[in-house]
Amino acid sequence: MKAITQDEYGAPEDVLMLKQMEKPTVGDDDVLVRVRAAGVHIGDWLVASGLPYVIRLGYGLSKPKTSVPGMEVAGIVETVGKNVKQFRSGDEVFGFCRGGFAEYASVSQSALALKPANTTFEQAAVVPISGFTALQAIRDQAEVQPGQKVLIIGASGGVGTYAVQIAKACGADVTGVCSARNVDMVRSIGADHVIDYTREDVAQSGKRYDVILDMAGNRSLSDLRGALTPNGTLVIVGGSGGRWLMGFGRTLRAVALSPFVSQNLRQFMSKERGEDLITLKELIEDGKVTPVIDRTFPLSEAPEAVAYVGQRHAQGKTVVTV
Ligand SMILES: NC(=O)c1ccc[n+]([C@@H]2O[C@H](COP(=O)([O-])OP(=O)(O)OC[C@H]3O[C@@H](n4cnc5c(N)ncnc54)[C@H](OP(=O)(O)O)[C@@H]3O)[C@@H](O)[C@H]2O)c1
């Protein structure tokens, strides 16, 4: 089969190569998926580049442990392992995995769900990771309630476009922050208010929010706390800056400070949970969430797709078609 492979860390265009390789083996609890589309996640850029360096502790010190990148897919079930009862050949599925930038991916049955009926493979492929990150941040970390004022910084990105729609589905009054070119899109997915960060500074506006989700990672902790109500909740989803920790220092300061202040300052790391795929499928089929796709690349151009996502200004999600 054709697959994108990676043997070293570096710029995506330099280290990601299209090669011919064997189809993956399928364990007893696994499903062999014929990949139709793979979502491109900022994590693919981080693993390609090996940055920040701290991620190499988990992904491989000198070179990546997983040779085929790609963390989320949608496709058609080819074969199933002997313990798999819930899927069969021909089912249309989506889920999270390792090795998604390939014609076939072996995926644990617990990391798959049937594809939402009203989506294309491209749309379904871009749901898993950004979708469950937004879902867990809004529902489990911030515990957003109807009527709460929620500020989403980075509302036009991969996680942000889901966060806006899921916060609206929870009944919140949602303000999205993005650049001028994305204002109309963020409004179109349901934000009640949109702040163009090139013209207005959330820290200077004098407005206060019950919940702030920060995906952009470029505001100081004191700026974010200044825009939060006295008992509000800040969920730090993303960071930026520095090749070693990429903003993780700010997150650690927030966690250390939280017990001593009235505001709730939370560090957040999403979890790969199959049941959240079902929740996202239901939100999509109910028309409450629609994936936003920016650009589509063929498999051979996956390195360019990963580099594009690494610029951190994609409008929603980027997808690779197989
Ligand atoms: N904690 C976790 O488990 C977890 C999981 C997934 C992702 N993440 C992290 O979450 C972050 C976002 O991921 P993503 O996939 O959504 O990235 P993305 O698609 O690149 O989105 C980045 C967003 O940040 C906005 N942005 C850029 N500069 C900004 C600024 N100066 N002020 C305000 N907004 C700005 C962009 O808007 P414009 O394009 O309009 O400028 C865009 O909406 C990343 O740091 C990622 O590593 C964390």
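As shown above, the structure is provided for reference.
Just so it is clear, the structure is predicted and the values come from calculations on it, not from any experiment. (Residues numbered from 1 in each chain as written. Predicted model: local features only at pLDDT ≥ 70, side-chain atom pairs only at ≥ 80, totals over all residues. Heavy atoms only, no water.)

1. Digging into the overall build of the protein chain
In plain terms, the rule: Secondary structure follows DSSP: runs of H or I at least 4 residues long count as helices, runs of E at least 2 residues long count as strands, and numbering of each begins at the N terminus. The atom set for the radius of gyration is the C-alpha atoms, and the globule formula is 2.2 Å times the number of residues raised to the power 0.38. Contacts are residue-level and defined by heavy atoms, with any inter-residue pair within 4.5 Å sufficient. Note that accessible areas follow from Shrake-Rupley with a 1.4 Å probe, and for residues the cover is restricted to the protein chains shown. Charged residues are defined here as Lys and Arg on the positive side and Asp and Glu on the negative side; His and the ends of the chain fall outside this count. Throughout, a charge is located at the NZ atom of Lys, the CZ atom of Arg, the CG atom of Asp or the CD atom of Glu.
Counting its regular elements, the protein chain contains 11 helices and 15 strands. Here the C-alpha atoms of the protein chain give a radius of gyration of 19 Å, agreeing with the 20 Å that 2.2 N^0.38 yields for 322 residues. Its C-alpha atoms give the protein chain principal-axis dimensions of roughly 60 × 45 × 35 Å. In the protein chain, the proportion of contacts linking residues at least 24 apart, taken out of those at least 6 apart, comes to 68%. Carbon and sulfur atoms make up 50% of the accessible area of the protein chain, which totals about 13,900 Å². Charged side chains in the protein chain number 34 positive and 35 negative. The centres of these two groups are separated by 3 Å.

2. Section: the packing of helix H2 (residues 42-49) against helix H11 (residues 302-310)
How we decide: Note on geometry: axes are lines fitted to C-alpha atoms, helical ones only across the stretch in contact, with angles between N-to-C directions running from 0 to 180 degrees. Reported orientations rely on four angle classes, namely roughly parallel under 35 degrees, roughly antiparallel over 145, roughly perpendicular from 65 to 115, and oblique for the rest. Under the convention adopted here, Pro, Cys and the residues Ala, Val, Leu, Ile, Met, Phe, Trp and Tyr are nonpolar, Asp, Glu, Lys and Arg are charged, and Gly plus all remaining residues are polar.
Where H2 meets H11, the closest approach of the two axes is 8 Å, and the angle between their N-to-C directions is 105°. For the element pair H2 / H11, the angle class is roughly perpendicular. Of the residues in H11, those touching H2 at Ile42, Asp44, Trp45 and Ala48 are Val306, Ala307, Val309 and Gly310. Across the contact of H2 with H11, the residue classes tally to 6 nonpolar, 1 polar and 1 charged.

3. A closer look at the site of the ligand
Just so we agree on the cut-off: Proximity is defined per residue: if any heavy atom of the residue lies within 4 Å of a molecule or strand, that residue is considered near it. Polar contacts here mean pairs of N or O atoms no more than 3.5 Å apart (in protein, one a potential hydrogen donor and the other a potential acceptor; neighbouring residues in sequence count only if both atoms are side-chain atoms). Each domain's limits were defined by an automated method or a database of domain assignments.
Residues in close proximity to the ligand total 25 residues, the closest being Ser156, Ser179, Tyr197, Asn218 and Arg312. Glycine 158 places a main-chain nitrogen or oxygen 2.7 Å from an oxygen atom of the ligand. Between the ligand and the protein, one listed contact pairs an oxygen atom with a side-chain N or O atom of serine 179 at 2.6 Å. Starting from 930 Å² of accessible surface for the ligand in isolation, the protein chains cover 89%. Of the residues in the shell around the ligand, the class split is 11 nonpolar, 13 polar and 1 charged. Shared between two domains, the shell around the ligand takes at least three residues from each, and those domains are domain 1 (2-127 + 291-321) and domain 2 (130-267).

4. So, the nonpolar core
The following threshold applies: Residues enter a nonpolar core if they are buried and are Ala, Val, Leu, Ile, Met, Phe, Trp, Tyr or Cys, with the set joined through side-chain atoms within 4.5 Å. The buried label applies to any residue whose accessible area, calculated with a 1.4 Å probe on protein chains only, is under 20% of its type's maximum; exposed applies above 50%, and partly exposed to all values in between.
With 84 residues, the main nonpolar core has Phe101, Val107, Ile152, Val164, Ile166, Val186 and Leu213 as its most contacted residues. Both domain 1 (2-127 + 291-321) and domain 2 (130-267) contribute no fewer than three residues apiece to this core. Residue contacts for valine 164: discarding those within four places in its chain leaves Ile152, Ala155, Val174, Val186, Ile189, Gly190 and Ala191. Leu224, Leu228, Leu234 and Ile236 belong to the second largest nonpolar core, which has 15 residues in total.

5. Quick word on the packing of helix H5 (residues 128-141) against helix H6 (residues 158-169)
The line we're drawing: For a crossing to be left-handed, the near helix must be turned anticlockwise from the far one by less than a right angle; the clockwise case is right-handed.
At a minimum axis distance of 8 Å, the contact between H5 and H6 shows a crossing angle of 45°. The pairing of H5 with H6 is recorded here as oblique in orientation. Crossing angle aside, the handedness with which H5 passes H6 is right-handed. Between H5 and H6, the contacting residues are Ser130, Gly131, Thr133, Ala134, Leu135 and Ile138 on the first element and Gly158, Val159, Tyr162, Ala163, Ile166 and Ala167 on the second. The residue inventory of the contact of H5 with H6, partitioned by class, reads 8 nonpolar, 4 polar and no charged.

6. Considerations on a nonpolar patch on the surface
This is how the line gets drawn: Patches draw on residues past 30% relative accessible area with no salt bridge. Two like charges within 9 Å are joined, as are two nonpolar side chains (Val, Leu, Ile, Met, Phe, Trp, Tyr) within 5 Å. Just to be clear on terms, a salt bridge is a Lys or Arg side-chain nitrogen sitting within 4 Å of an Asp or Glu carboxyl oxygen.
A surface patch of nonpolar side chains, about 320 Å² in accessible area, is lined by Val54, Leu57 and Leu61. Position of valine 54 relative to the elements: it lies in the loop between H2 and helix H3 (56-59). Take valine 54: its relative accessible area is 37%, and that puts it in the partly exposed class.

7. What about the sheet that holds strand E9 (residues 173-178)?
Let me state the cut-off plainly: Strands are treated as partners if at least two bridges between them are detected by DSSP.
Across the sheet, which stays open at both edges, the 6 strands sit in the order E10-E9-E8-E11-E12-E13 with parallel pairing between neighbours. Only two strands of the sheet have a single neighbouring strand rather than two, namely strand E10 (193-196) and strand E13 (264-267). Averaged over all neighbouring strand pairs, the angle between strand axes comes to 15°, with direction disregarded. The strands that H6 touches are strand E8 (149-153), E9 and strand E11 (209-214); relative to E8, the one it contacts most, it runs at about 170°.

8. What to know about H2
For H2, the buried fraction is high: 7 of the 8 residues fall into the buried class. The complete set of buried residues in H2 reads Gly43, Asp44, Trp45, Leu46, Val47, Ala48 and Ser49. Buried positions along H2 lie against strand E1 (2-6), helix H1 (12-15), strand E2 (16-20), strand E3 (30-40), H3 and H11. Just downstream of H2 lies glycine 50, where phi reads positive at about 70°.

9. Quick notes on unusual backbone geometry
The omega torsion across leucine 51 and proline 52 is -10°, close enough to zero to call that bond cis. As for its position among the elements, proline 52 is in the loop between H2 and H3. In this structure, glutamate 143 takes a positive phi of about 45° despite not being glycine. Along the chain, glutamate 143 falls in the loop between H5 and E8. With a phi angle near 65°, arginine 312 is a residue other than glycine that sits in the positive phi range. According to the relative accessible area criterion, arginine 312 is partly exposed, its value standing at 40%.

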